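# Coordinates in review
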Amino acid sequence: MLRIKSARDPLLEIIGRKHQTILDCTMGMASDSLVMASAGHQVTALESQFLTYFIISRGLATFDSGNPELNKAMQSIKTIHADSLDFLKSAKNNAYDVLYFDPMFSEKITESTNLDGLIELANQQKLTQEMIAEAKRVAREKIIVKAHFRDKVFEEFVFERLVRPNQKFHYGVMRLNGSLLTEVKCE
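Computed from a prediction, not measured in an experiment: that's the story for all the values here.

As a further point, take the packing of aromatic side chains. Scanning the entire structure with this criterion turns up three aromatic pairs. Between phenylalanine 50 and phenylalanine 54, the aromatic rings sit 6.0 Å apart at their centres with planes inclined by 25°, giving stacked as the arrangement. Here phenylalanine 54 and phenylalanine 50 lie together in helix α4 (residues 50-62), a separation of four residues that amounts to about one turn. Residues phenylalanine 169 and tyrosine 171 carry aromatic rings whose centres are separated by 5.6 Å and whose planes lie at 90° to one another, so their mutual orientation is edge-to-face.

This is the structure we're talking about:
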């Protein structure tokens, strides 16, 4: 809720103001999906772990936050129980404007304990060349990754790293249509 009420959010700045179709390939607790949906984006979220998928998708569909706009955003997220690579392989070319990946971080952020209870259930799979190749085929505009600031994913897959000073994670962007990210200032 803090991110939704904030005047700015780095992820939303990367996506841009125009409403987009977004495939969140790593739903987890759906916090990023919810931020994107609250901004008016059409979000489809994939989760490979059944128990996580079941709990989170049920909560998104039925939880009453007391805020009608937030409830609408939660209920607008289309959740799918699927492995992201399998889903991407079956998706049509250019099916989504933006693909988003937030795989488990390569290093634990000790200050963050929000996933501690579910860490045993989490999919520990890292991004692969095959996954990025499929993502490039499925995304129309950009692929975004969120990773620990020391992670090599940015260099390995040639993401433009958007440094967030004094933050433990950065975003990376791969633009597929040549657009520039001049409006983004990740602070």
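From this point, things continue past the structure.
Moving on, we come to the environment of threonine 62. For threonine 62, the location among the structural elements is in helix α4. Separated by twelve residues in the primary sequence, threonine 62 and methionine 74 place their C-alpha atoms 8.8 Å from one another. At 2.7 Å, the side chain of threonine 62 and the backbone oxygen of arginine 58 are in polar contact.

Along strand β4 (residues 96-101), six of the six residues are buried, which leaves the element largely enclosed by surrounding structure. The pairing of strand β1 (residues 21-24) with β4 spans three bridges and is parallel. Bridging across to β4, aspartate 24 finds its partner in tyrosine 100. Where β4 lies against strand β5 (residues 139-148), five bridges are found, and the strand directions are parallel. Note that in β5 the partner of tyrosine 96 across the bridge is alanine 139.

Attention now goes to the confidence of the model for the protein chain. Chain-level pLDDT for the protein chain is 85 on average; 83% of the residues reach the 70-or-more range. Overall, residues 105-110 carries pLDDT values under 50, and its contacts beyond four positions in sequence, including any with other chains, amount to 13 contacts.

What follows deals with the sheet that holds β5. Two pairing modes exist for strands in a sheet, parallel and antiparallel, and in both the strands are linked by backbone hydrogen bonds. Across the sheet, seven strands lie side by side as β3-β2-β1-β4-β5-β7-β6; this open sheet has mixed pairing. A strand with exactly one partner marks an edge of an open sheet, and here the two such strands are β3 (78-81) and β6 (160-162). In this sheet, neighbouring strand axes are inclined to one another by 20° on average, regardless of whether the strands run parallel or antiparallel. Each of β2 (42-47) and β3 touches α4; the most contacted strand, β3, lies at about 160° to it.

Cut-offs applied
- Residues numbered from 1 in each chain as written.
- Predicted model: local features only at pLDDT ≥ 70, side-chain atom pairs only at ≥ 80, totals over all residues.
- Heavy atoms only, no water.
- Phe/Tyr/Trp six-rings, centres within 6.5 Å; stacked < 30°, edge-to-face > 60°.
- Helix = DSSP H or I, 4+ residues; strand = E, 2+ residues; numbered from the N terminus.
- Polar contact = N/O pair within 3.5 Å; in protein donor to acceptor, adjacent residues only side chain to side chain.
- Buried < 20%, exposed > 50% of the residue type's maximum accessible area, 1.4 Å probe, protein only.
- Pairing = 2+ DSSP bridges.
- pLDDT = per-residue confidence, 0-100.
- Contact = heavy atoms within 4.5 Å.
- Axes fitted to C-alpha atoms, helices over the stretch in contact; angles between N-to-C directions.

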